[in-house]
Amino acid sequence: MKHPASDARALDAEASPTVEDDLDVEPDADLDSDAPAPSPEAAAAEEPLALSERELQILAFESKWWKHAGSKEQAIRDEFDLSATRYYQLLNGLLDNPAALAQDPVLIGRLRRIRSTRARTRRR
């Protein structure tokens, strides 16, 4: 024996028109495609943003070698008018920038290795 409520729901489902029936709308081709929409990260990876002049100067500066411990910090103040802390914050942000990696992959790879080694040492 069928339950009367299930019969009523079946009749309602058959009788009630859908929105598409009322509007005479064709299906959207974009919604029917199986291809996923590109993520913002993928779009950014396809077209890396160009580095600013200051970021290029920081990369060039970082590729230099320093003989004395304090001379680099003094040169940072003289050349960029920044504290050493702020300079290293900017440099750390550049290490995660795909445009910087494209600009100088050897330098960015070396600096990333140094960063990860220091982070591992701090965790010990």
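Residues numbered from 1 in each chain as written. Predicted model: local features only at pLDDT ≥ 70, side-chain atom pairs only at ≥ 80, totals over all residues. Heavy atoms only, no water.

As annotated in an unreviewed UniProt entry, the protein chain carries the name DUF3263 domain-containing protein and is attributed to Phytohabitans houttuyneae.

## Overview of the side chain of Lys72
Stated precisely, the cut-off is as follows: Strands here are runs of E lasting at least two residues and helices are runs of H or I lasting at least four, both read from the DSSP assignment and numbered beginning at the N terminus. When accessible area is computed with a 1.4 Å probe and restricted to protein chains, residues below 20% of their type maximum are described as buried, those above 50% as exposed, and intermediate ones as partly exposed. Contacts are assigned to residue pairs with any non-hydrogen atoms lying within 4.5 Å of each other.
Summarising the element assignment, Lys72 is placed in helix α6 (residues 69–80). In this structure Lys72 comes out as buried when scored by relative accessible area, which is 12%. Here Lys72 is in contact with Phe61, Glu62, Trp66 and Tyr88, once residues within four sequence places are set aside.

## A short note on the pattern of salt bridges
Rules: By salt bridge we mean one thing: a side-chain nitrogen of Lys or Arg within 4 Å of a carboxyl oxygen of Asp or Glu.
If you walk through the whole model with that rule in mind, you get 2 salt bridges. Taking the shortest distance from any N to any O, the salt bridge between Glu62 and Lys72 comes out at 2.7 Å. Of the two residues, Glu62 sits in helix α5 (residues 53–62) while Lys72 sits in helix α6, which places them 10 residues apart along the sequence.

## Examining the nonpolar core
The condition that has to hold: Nine residue types can take part in a nonpolar core, namely buried Ala, Val, Leu, Ile, Met, Phe, Trp, Tyr and Cys, and a core is a set of them joined through side-chain atoms within 4.5 Å.
Within the largest apolar cluster, 17 residues are counted, with the highest numbers of intra-cluster contacts made by Leu59 and Tyr87. Elements supplying a minimum of two residues to this core: α5, α6, α7 (84–95), α8 (98–103) and α9 (105–123). Excluding anything up to four places from it in sequence, Leu59 contacts Leu51, Leu94, Ala100, Gln103, Leu107 and Ile108.

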